[in-house]
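# Descriptive analysis of the structure
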Amino acid sequence: MKKYLMLLTCCVAIGIAMNVSLQFRIDSDKSEITLGNIEALAQGESGSGNCWFRASVDCPYSSIKVLYVE
Amino acid sequence: MKRIFAVVLLMGLGFTVTSCRTVASAEVMVFPETISLQGKEKTIGDSVYLRYPFRVRLQDDVLYVMDIHTAAYYIHLFDYKTMQHKGSLAHRGEAPQEFLSTENIRIDEQGDVWTLDANKSKIVHLMKEEVEQSRQINLDKDLIRTLDFDRLNDSVFIVPDYTGQHRITFVNAQGDILKHAFQIPTFTEKQSTVVLAQAWRSFISYNPQLGILGMATQLGQVLEIYDLKQDTVIKIIGQETGAPQFVNRGGYAVPTGIMGYSDIHVGQKYIYALFWGSSFEAIRKRPDDHKEGGRFVHVFDLQGNPVRQYQLDRHLTGFHIDEEQGMMIGLDVNSNQPVVEYVFNLD
């Protein structure tokens with residue numbers, strides 16, 4: 001029983017570690033994209049948020065069309 | 001030992017739950033059939049570079065393409081048979097006759113071309129020769145950021161806007177408000193009407209013969225059909241399941257759901273709407289992998305019943321539908337040759 005519990009605990013711990021690692025990679029990728037395209041901040045800044053990249057969504061903070069709003 | 005196991009198991013469950021992300025559903029409508037369509041590129045010469053073509057119209061073999069992120073002219077004219085560039089309209093700039101934006105192209109029965117400059121709050125009758133002065137209609141000051149328009153008749157325009165007090169407004173040829181109609185079909189309460197109007201920003205199309213107005217949400221999957229002759233609502237499709245998702249951030253609507261529709265056409269038999277279905281979460285995570293545009297054309301009958309959907313071989317941002325000929329011209333902003341022609345079967 002103890003062996004079984006140990007094995008299960010190890011599996012869960014590995015799972016958590018993999019999850020954290022994957023999340024870290026996703027966030028890291030995202031920040032690279034964000035930093036790499038800092039000029040893409042599409043002049044839609046306000047105290048509330050930002051608008052990114054030129055596209056077709058109307059930035060609520062300004063009069064330009066953008067890819068997404070944060 | 002058991003305690004350690006319990007703690008680790010709870011942590012595992014916690015991580016599992018928090019790492020689950022909501023996926024925007026694009027399956028709020030069921031169509032009886034799906035038909036795949038293959039497009040044929042129409043090659044434009046090097047004379048014109050289109051940055052973000054968003055609207056296209058065909059009238060008497062002249063193709064009008066509107067580029068919303070242009071450096072010079074917003075609208076370009078091509079001979080549709082040869083794709084030779086014939087001219088350009090609506091020069092970008094701050095001078096009185098110039099444009100800060102264009103939202104759509106409308107062509108009236110006389111073949112005259114109209115556009116809307118949301119940033120200058122003007123509807124403009126464009127002259128095909130640059131030497132002629134365009135006719136400008138200043139929209140009523142009570143309208144906030146009018147983002148689309150269509151013609152009700154020779155002297156009245158239909159416009160949605162950001163006031164959010166009403167769904168649409170009718171303005172006369174001087175730009176004055178004549179009357180308002182309908183309400184934003186939301187179940188959301190306790191939100192400012194301006195925020196709601198931003199979230200429910202919709203594209204419109206009016207069929208003057210039938211008196212039917214179609215509205216399609218850009219930030220959700222709702223299609224509204226109104227009978228303007230009877231002043232009645234025909235149908236609201238996707239009102240609950242497809243309502244635009246957003247958060248109110250400092251009095252602004254920040255979209256959090258999906259890119260829904262980007263163009264709509266009310267024909268004589270059917271209503272056509274160009275659907276994207278991309279989630280903003282996915283776009284934010286991978287903006288470089290994202291393809292702009294929709295690969296689905298949703299077709300409804302005039303009562304709002306789903307008829308079929310066309311699945312396209314590329315992503316389109318805008319379309320022109322010729323229902324009589326069974327032909328669609330689309331704009332693929334991801335390609336260097338954005339003009340694409342599709343043929344669909346008539347029934």
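Residues numbered from 1 in each chain as written. Chains lettered and ligands numbered in written order. Predicted model: local features only at pLDDT ≥ 70, side-chain atom pairs only at ≥ 80, totals over all residues. Heavy atoms only, no water.

With an unreviewed UniProt entry as reference, chain B is termed Lipoprotein, source organism Sphingobacterium micropteri.

Looking at an unreviewed UniProt entry, chain A carries the name NVEALA protein, with the source organism given as Sphingobacterium micropteri.

## Considering the layout of surface pockets
Residue and element names in this part refer to chain B. What counts here: Here the term cavity refers to a set of points on a 1 Å grid, laid over the protein atoms alone, in which a 1.4 Å probe fits but cannot get out; the term pocket refers to an open set having protein on both sides within 12 Å along at least five of seven lines, with lining residues being those that place an atom within 4 Å of a point. Grid points are joined across faces, edges and corners, and a volume is the space filled by probe spheres set on the points. Comment: elements are numbered from the N terminus, with helices defined as DSSP H or I runs of at least four residues and strands as E runs of at least two. Residues were grouped as follows: Ala, Val, Leu, Ile, Met, Phe, Trp, Tyr, Cys and Pro as nonpolar; Asp, Glu, Lys and Arg as charged; and all remaining residues, including Gly, as polar.
Here the largest pocket is characterised by a volume of approximately 930 Å³. If you go around the largest pocket, you meet 30 residues; those closest to its centre are Ile107, His265, Val266, His320 and Ile321. Elements represented by at least two residues in the lining of the largest pocket include exactly strand E3 (53-59), strand E7 (105-107), strand E11 (150-151), strand E15 (202-207), strand E21 (261-266) and strand E25 (318-322). Its residues assigned to classes, the lining of the largest pocket comprises nine nonpolar, ten polar and eleven charged.

## So, the pattern of salt bridges
We apply this condition: Think of a salt bridge as a Lys or Arg side-chain nitrogen and an Asp or Glu carboxyl oxygen that are within 4 Å of each other. Buried residues are those whose accessible area, probed at 1.4 Å on protein chains only, stays under 20% of the maximum for their type, while exposed residues exceed 50% and partly exposed ones sit between those limits.
Counting across every chain of the model gives 15 salt bridges over all chains. Note that B:Asp154 is salt-bridged to B:Arg151, the shortest N-O span being 3.4 Å. The class of B:Asp154 is exposed, set by a relative accessible area of 58%. With relative accessibility at 8%, the residue B:Arg151 sits in the buried group. Here B:Arg286 makes a salt bridge to B:Asp289, at a shortest N to O gap of 3.8 Å. What makes B:Asp289 exposed here is its relative accessible area of 57%. Shared partners join several salt bridges into a network, and the residues in it are A:Asp58, A:Lys65, B:Glu103 and B:Arg201.

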